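Report on the structure
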Amino acid sequence: MLKKLPIAEMIALAVFMAIPFFMKDNYFLHLLILFLMWVVIGSSWNIFAGYTGQVSFGHAAFFGAGAYAAGLLAHHFGYSAWWGMALGGPAAVLIGLPFGIICFPLRGAYFTLASLALNLILMHVATIAENFTGGMQGIMIMPAFVSKIPYYYIALAMVVAILAVINLVVRSKFGYYFVSIREDQDAAESLGINSTLYKNISLGISVFFTGMAGSLYMNYMGFIDPSVVFSLSDYSIMAILVAIVGGVGTVYGPTVGAFIMVAVNEFFRSGFFGLLGFIGKRTGSPLVSKALDFVTHAHVLVFGILVIVVILYLPKGVVGDWEKIKRKVLRVRPTE
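A brief look at the structure comes next. Each chain carries its own residue numbering, running from 1 in the written order of its sequence. Thresholds applied to this predicted model are a pLDDT of at least 70 for local features of residues and 80 or more for the giving and counting of side-chain atom pairs; totals over whole chains, interfaces and linings are not thresholded and use all residues. Values shown for side chains rest on all heavy atoms present in the structure; no hydrogens or waters enter the calculation.

**Details of the environment of isoleucine 311**
Looking at where isoleucine 311 falls in the secondary structure, it is placed in helix H16 (residues 299–313). The rule is simple: take the accessible area with a 1.4 Å probe, protein chains only, and divide by the maximum for that residue type; under 20% is buried, over 50% is exposed, in between is partly exposed. Using a relative accessible area of 48% as the deciding quantity, one classes isoleucine 311 as partly exposed. As for isoleucine 311 and alanine 81, which are separated by 230 residues in sequence, their C-alpha atoms are 40 Å apart. Working definition: helices are DSSP H or I runs of at least four residues, strands are E runs of at least two. Numbering for both runs from the N terminus.

See below:
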């Protein structure tokens, strides 16, 4: 496999493997872990929506299922939540496949609403089943590692795994079947493609990695509750934004989208990486304090503006419209 790996990808992997040896700051390691987790979640959503055309607003359900699979194992049986890493993906699949079998006859907006309903149902169940899930008090565990480096390498391994799977799938007959279903399901079925079967395969791959990301989140953050892991805006919508900004239906679009969204989110959440806070302390100006309060909550507004700009000018995302960016922005002329 390494012999067939392009040079650019091998260099990128080597750089990411070496980062913890040079970067000791926990803050930036934390941001990199979040970035890698979002690559996994965005790429998972992209397999199902970008390649197979099944737009889901319910991926937070599968993220939460993976997180609770790890958390409940530790909470009820006393096993390390790391053993739950082996259960996170399968737990999400056990929820996703029955959902797909029941709801795949629905198409378009109806399927999207069904996926949204699944997320709300699981959130409600996790909230009211207090004896089992802890309800809104949530589940807390002691993280196994004090250092962030092990979490970084685990997240990196998950990114390598999902990108390898996507590259393998899109070059196989499964990828062609997924795209044919996305382009015209009726035409695909007329050619003998079992659309329900291949949509379930796509869903299974997608939710497996989403559940794995959820179980890693449980281990890394050490606390979950229904409002955290089943959050529509924090996970379902964010997964969609990551894919749209980077490029839906492209292998590396969610990677680029994850970098942009995490950077933008942290830029505003931290008040321009602490600049406004520094100015406020030095000047003591109440105006700067008000500006800081506004900026730290402005990331959602900026996300909306960013998505509108991407849809209007880069409908295929940064990766999908990279040639357009080079031509219009970077002034690079296409080679003859």
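**Concerning the nonpolar core**
In terms of nonpolar packing, the biggest core is built from 92 residues, with Trp38, Phe63, Tyr68, Tyr152, Leu216, Ile224 and Val229 touching the most fellow members. Working rule for contacts: check all heavy atoms of both residues, and any pair within 4.5 Å makes them a contact. Apart from the residues within four sequence positions on either side, isoleucine 224 is in contact with Ala67, Tyr68, Gly138, Ile139, Tyr217, Met218 and Val229. Here the nonpolar core consists of buried residues drawn from Ala, Val, Leu, Ile, Met, Phe, Trp, Tyr and Cys, with membership extended through side-chain atoms lying within 4.5 Å.

**Remarks on the pattern of salt bridges**
Salt bridge criterion: a side-chain nitrogen from Lys or Arg within 4 Å of a carboxyl oxygen from Asp or Glu. Summed over the entire model, instances satisfying the criterion amount to 4 salt bridges. Across the pair glutamate 183 and arginine 182 runs a salt bridge whose closest N-O atoms are separated by 2.8 Å. Of the residues examined, glutamate 183 reaches a relative accessible area of 55% and is grouped as exposed. Given the relative accessible area of 32%, arginine 182 is considered partly exposed. Salt-bridge contacts for lysine 326 lead to glutamate 323; the nearest nitrogen and oxygen are separated by 3.3 Å.

**Things to note about the side chain of asparagine 119**
Along the polypeptide, asparagine 119 turns up in helix H5 (residues 109–128). Once you skip the residues sitting within four places of it in the chain, asparagine 119 turns out to touch Gly58, Ala60, Ala61, Phe230 and Leu232.

**Things to note about the packing of aromatic side chains**
Planes of paired rings set the category: under 30 degrees apart is stacked, over 60 is edge-to-face and the rest tilted, where pairs are Phe, Tyr or Trp rings (Trp by its six-membered ring) whose centres lie within 6.5 Å. All told, the structure shown has 21 aromatic pairs when counted by the stated rule. Seen in terms of ring centroids, phenylalanine 63 and tyrosine 235 are 4.2 Å apart; in terms of plane orientation they differ by 20 degrees. Their pairing is stacked. One end of the pair, phenylalanine 63, is in helix H3 (residues 59–77); the other, tyrosine 235, is in helix H12 (residues 232–246), with 172 residues separating them in the sequence. For tyrosine 235, a relative accessible area of 10% puts it in the buried group. Aromatic side chains phenylalanine 208 and phenylalanine 209 sit 5.4 Å apart centroid to centroid with 90 degrees between the ring planes, which places their arrangement in the edge-to-face category. With a relative accessible area of 31%, phenylalanine 208 lands in the partly exposed category. Members of the aromatic cluster, each reached through a chain of ring pairs, are Trp38, Phe63, Tyr217 and Tyr235.

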